[in-house]
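Here is what each chain is made of, one letter per residue.
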Amino acid sequence: MKKFLKNTVLFFLVILVIGEIVVRITHSVSDIPQRTIDEFHIQKYYPNQGGYWKGGDHKWMINKLGWPGELPESFDNLILVIGDSFIENFMNPNECHQSKYLKENMEDYNFMEAGRSGVSLIEAMEINKQLDSLKPLKSLIYVNDNDFFESIVDIKTMKDITQLDLKDENIVYGKMKSPGLKKVLYNWKLLYYFYNRFPMNFSIAKEDSHKIEEPEELFENNKEKVFDLIKYTANHYKIDNQILVFHPNSNKIIVEACKEAGFNIITLDSSIDNQSWTFDYDNHWTCYGHQQVANQVSKALNGMQIKNN
């Protein structure tokens, strides 16, 4: 009996080792960078990491400042590019990042990205405030409707995202969700593979008890809160050098409210050509999509007053 148990345990250990090797060699799951929270309460990544995206077609990198992508050669005449997973852009190689295309279009300027999945509008403002020491000429903050909704505690509390409590006018900084479990999952690739294939959600019953609102309904039910968020942002942050870059098909009322609050605005239009900007299996921008976005942003920037250092 002992020999049988010993052989069984040994067999499963061998299977685990082989499985781990196969998953790593084939890049069946993406390598995920480890996060940290800095002294400004900003979630970013540990510097100088690297890894492969799912499938192993390309690698991502974290620079010495803790943000994805490459840093510019110089911080002179700097324009910041801030946003969520669209700017983080792990699903594309470095040459398909916004900063690369923008630099190609505007050679006299340097571009630096600060992107991380989950960044809300209010956290983008906090990131911009932190990076103001680099003396950027402009900050491009890429936003969609959800970035406004997710910024407001009074709509839905999201503990891993930095939000604004409108009642107290207080910033509630995000906390990393299950950092210990994530560290295990990201380092044990076979376990992470099975986790992705058979995800376990212990809060399904609780979530199913709440109606999921459509974006239009969500806005109609919370538009005064969104307006209050915009007013708070305009009153508490330096916005004269910030430009909100709205994703295609963004809520026009939100766009107009931001204009009235004093924000500079760029609205993207994906209907000007017949080719999709996004992946077939994902709503993030492809290399083509990023190039088209950068072309529109560059054209808009060239029409604005940007004073070189």
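Residues numbered from 1 in each chain as written. Predicted model: local features only at pLDDT ≥ 70, side-chain atom pairs only at ≥ 80, totals over all residues. Heavy atoms only, no water.

1. Side note on the side chain of serine 250
Relative to the helices and strands, serine 250 resides in the loop between strand 10 (242-246) and helix 10 (252-260). The class for serine 250 is buried, based on a relative accessible area of 13%. There is a polar contact of 2.7 Å between the side chain of serine 250 and the backbone oxygen of histidine 247. Setting aside chain neighbours within four positions, we find serine 250 in contact with Val143, Asn144, Asp145 and Val255. (Helix = DSSP H or I, 4+ residues; strand = E, 2+ residues; numbered from the N terminus. Buried < 20%, exposed > 50% of the residue type's maximum accessible area, 1.4 Å probe, protein only. Polar contact = N/O pair within 3.5 Å; in protein donor to acceptor, adjacent residues only side chain to side chain. Contact = heavy atoms within 4.5 Å.)

2. Here we look at the sheet that holds strand 6 (residues 110-115)
Pairing is parallel across the open sheet formed by five strands, whose spatial order is 6-5-7-10-11. Of all strands in the sheet, those with a lone pairing partner are strand 6 and strand 11 (264-267), marking the two edges. Adjacent strand axes in the sheet meet at a mean angle of 20°, parallel and antiparallel pairs treated alike. As paired strands, strand 5 (residues 78-83) and strand 7 (residues 138-143) are joined by four bridges and run parallel to one another. By the bridge assignment for strand 7, isoleucine 79 is matched with lysine 138. (Pairing = 2+ DSSP bridges. Axes fitted to C-alpha atoms, helices over the stretch in contact; angles between N-to-C directions.)

3. Describing the state of the cysteines
Counting across every chain of the model gives one disulfide. Residue pairing for cysteine 96: its cysteine sulfur links by disulfide to cysteine 287, the two sulfurs lying 1.9 Å apart. When the S-S torsion is 95°, as for the bridge of cysteine 96 with cysteine 287, the disulfide is right-handed. On the criterion of sequence distance, the pair formed by cysteine 96 in the loop between helix 2 (85-88) and helix 3 (98-105) and cysteine 287 in helix 11 (residues 287-302) is long-range, its members being 191 residues apart. Given the relative accessible area of 24%, cysteine 287 is considered partly exposed. (Disulfide = S-S within 2.5 Å.)

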